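# Commentary on secondary and tertiary structure
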Amino acid sequence: MFKRPWLLIAATLIALTCLILAGYWLVGDLPAPTADNLRAVTASTLIFDRNGQLIYESIGKEGKQTPLSFDEMPEACWHATVAVEDSRFFLHPGVDLLAIGRAAWLNWRNGGIVSGASTLTQQLARNTLMTTEERYEQSFRRKLREAWLALRIEQRFSKQDILAYYHNQVYYGNFAHGLEAAAQAYFGKSARELDLAECSLLAGLPQNPPGYNPLHHLEAARLRQSTVLGQMILNDLVSREEAELALAETLHFAPNPFTIQAPHFASYVESQAAGLLGFDRISRGGLRVHTTLDLDWQQQSERIVTRRLDQLAADREAPPDRRVQNAAVVILDPHSGAIRTMIGSPDYFDPTIDGAVNGAVALRQPGSAIKPITYAVALDPQRAADSGEQPLTAASVIADVRTVFSTAEGEPYVPQNYDRTWHGPVGIRTALASSFNLPAVKVLDRIGVDALIRQAQRQGITSFRPGQRYGLALTLGGSEVSLVELSGAYGAFANGGLAVEPYAIDRIEDADGNMLFEIAEPRPPGRTAPLPEKRVLDQRIAYLITDILSDNNARAQAFGRNSILRLTRPAAVKTGTTTDWRDNWTVGYTPDLVTGVWVGNADNTPMHGVSGVSGAGPIWHDIMEMSHHNLPVRDFQQPPGLVRMEVCADSGLLPTEHCSRRHSELFIAGTEPVEFDTVYRPVLLDSCSGGRAGPDTPDNCLEQGTIRVYSPELQEWARAHADNAGLAGNLDDTHQFNVPVPGSGATESDQLVLTSPDPDRRFRLSESLPDELQQVRIAAHPGLETPDQVMFLVDGNPVGKALHVPFEVWWQLSPGPHMISAVAELAGGDQVTAKALWIDVQ
């Protein structure tokens, strides 16, 4: 017995009072859960174009938030949600102590928050019963209040009711709140009709709606779907066979028609807004988003796309199996990155063409449209100086002849030109403007694949990643890019070498007019982009690329002088076509605007015979003319540090009196040629016999003439084109032959492969050419391990060694059959020998 019981009573009363006050402080102001306040209604978000025209109202009368009862929801949908969000949902009373303990352990072990423990009931309580300010507060008090509400919800409502309330208010992205709205927004059907594949995809979206939006990031969405199905297997909600069938199912995205302008752009705006404010804030609605879009240009561009695609479909000369159903367009300001037009497909609501998929952000192979970035690296004199190379210029001549490269796997790779023709000596200006493939591969082989990847990344292409194994076909479009990013990369050429980050939002306000985001002030002259000015390319190089791509004469060899690529004002432009006809592109620009166009089929079906100039080119031409209609004609402004001089076309060197093919060329100061041409050479001809003069030629028959004498690499091409004026005097015709190849007895390895010359080739010597011009290139590919050196042997005798890439030497031809081999010395002293090949010299 206490001697003073009143003290115990007083202490108990004080403790109870403190508990009551603490409880009131903790949960006293929280609302009681009711059927009404668990049905959250989200305020409309309004999206406007740059002139204040309404593009889209996200909710309201469009019915984007339609409630469903539990019985109306497919079992697969709530099974998928429970599996991925709260696998113990039917076992806990609203708060999962086991999940809390597991999350606490993981967070402690990793030194940060890597796992949460909110149940579906807690998420419902947070999203419906808490104020918007508290909802995203990170505090222990908020978690306790959330748990209290979850317990009260579980006391009052059944698990089925809770699942229904949750599915009716959760945000699925694409401005869709609730399962019914998501089913309509992504698949154009009622939620009642969703199957396992569709339910599992939707169940994965709430974790990161913009990042998993299948209309923008299909691969990410499908990976998330596989995670959901995996969790369903672990929780015995589906069998492995059912999950595999669902994952293999082809999903067709077909939202039901509703009132919206520029639907792909509106969805893209949501993604950008989420990056600025967080998708939690976007899901709450009530925003006024002012964008960069020009709705008038958008609508005119949509009509152009439809008209030009209809013309392709109506082409009577097209192959019977041709199908061209889709196109995408991006117009942006190269000085700011502001997107003025975005078309993701001809019809957002047409399921037969997968119209809801945004072709402007989808990854596709760009074909030759990536080549300007390759040449931009090659034309950089600083890179050449750092590498100890002679700098390439727009006049540099490349031998466009059959050339064998080796892949990382050791297989031979022989790039083909689009026209299946070798063009001989070609200047870089013509090679790029006329989009010859072989020269571009040679240039990439010279600069290295990593150099192209780094420059592409600097210009905003994020899909090229260091560490991945790209080959030389990268410069021909061997990896994928999005139209938005490629258009932004071309923006750096248009604006003189400054970074361009495409953006869609100028400012965001809440419903009360409070500014939540605005493009940064002050804005540099001529720029409105949110990022500060950043140089990614020397302005002289950017201008050289522009000068080449706008040179109608330089591209005439491939496209003619009056192609669809020619506008009524100066414009630089490049096309791209994949070898299998699945994608074709035209991307070009003026000083004011960049326009990128992709044409193809969303399901990757080949188009058969539709190239960049015939598919995307007409759309590009019409949209450029439309968008520039009220803009003054402007020339590209040449920066300082460039000089123009005349060169000999066949060598890129200073012309002599004998050079008959000359043109004016632009050079970065310090890279202009200082040597004279050696291709054109004077020679005495016998006018009486029609051949070259000899000791017995009468004086009255002597006549001064000129011949072209090319390097050994061009000899075979010269023979094949000997009928052209001025090519007399080169090597005789060469042809292939087959002879038995005796075994060499050497130890052979796939780590070293001879790539030149071709095996079993016959060469013929000519008495009319100097010996130094009658050589053959011997080259080898080292495989995965780069050797310290490669020694080349002819008939077992060393003829030269190479210490670095490219591993090659030139060998003076001599009569007879010859066995060519190579030995590589690896780090540590090991040696590997390439499989020998045979040639015959006559």
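Residues numbered from 1 in each chain as written. Predicted model: local features only at pLDDT ≥ 70, side-chain atom pairs only at ≥ 80, totals over all residues. Heavy atoms only, no water.

### Section: the side chain of H628
Tracing the backbone shows H628 in the loop between α23 (612-627) and β15 (642-648). Taking the relative accessible area as the measure of exposure, H628 reaches 1% and is therefore buried. The contacts of H628, once residues within four sequence positions are left out, are R569, T590, D592 and L593. (Helix = DSSP H or I, 4+ residues; strand = E, 2+ residues; numbered from the N terminus. Buried < 20%, exposed > 50% of the residue type's maximum accessible area, 1.4 Å probe, protein only. Contact = heavy atoms within 4.5 Å.)

### Some points on the sheet that holds strand β5 (residues 339-343)
Within a sheet, neighbouring strands are paired by backbone hydrogen bonds and run either parallel or antiparallel to one another. Here five strands make up an open sheet; going across it, the order is β5-β4-β14-β13-β12 and the pairing antiparallel. Each edge of the open sheet carries a strand with a single partner, namely β5 and β12 (572-577). When the angles between neighbouring strand axes are averaged without regard to direction, this sheet yields 10 degrees. As judged from the seven bridges shared by strand β13 (residues 583-589) and strand β14 (residues 594-600), these two strands associate in the antiparallel manner. Bridge pairing links W585 to W598 in β14. (Pairing = 2+ DSSP bridges. Axes fitted to C-alpha atoms, helices over the stretch in contact; angles between N-to-C directions.)

### Some points on helix α8 (residues 179-187)
Burial within α8 is extensive, with eight of its nine residues counted as buried. Looking at the buried positions of α8, the neighbouring elements they touch are α2 (75-85), α7 (159-169) and α9 (196-203). Following α8 by one or two positions, G188 adopts a phi angle in the positive range, close to 65 degrees.

### Focus: the pairing of strand β10 (residues 505-510)
As judged from the five bridges shared by strand β3 (residues 287-291) and β10, these two strands associate in the antiparallel manner. Its bridge partner being in β10, R288 is matched across the sheet by E509. Of the strand pairs in this sheet, β10 and strand β11 (residues 515-518) are connected by three bridges, and their pairing is antiparallel. The residue bridging I508 from the neighbouring strand is F517, located in β11. In sequence, β10 turns back onto β11 through a hairpin of four residues, with G513 there showing a positive phi of about 90 degrees.

### A closer look at the sheet that holds strand β22 (residues 775-781)
Strand order in the open sheet formed by three strands is β20-β22-β25, with antiparallel pairing between adjacent strands. Of all strands in the sheet, those with a lone pairing partner are β20 (753-756) and β25 (807-812), marking the two edges. Direction aside, neighbouring strands of the sheet carry axes that sit 30 degrees apart on average. The pairing of β20 with β22 spans three bridges and is classified as antiparallel. Within β22, the residue paired with V753 across the bridge is H781.

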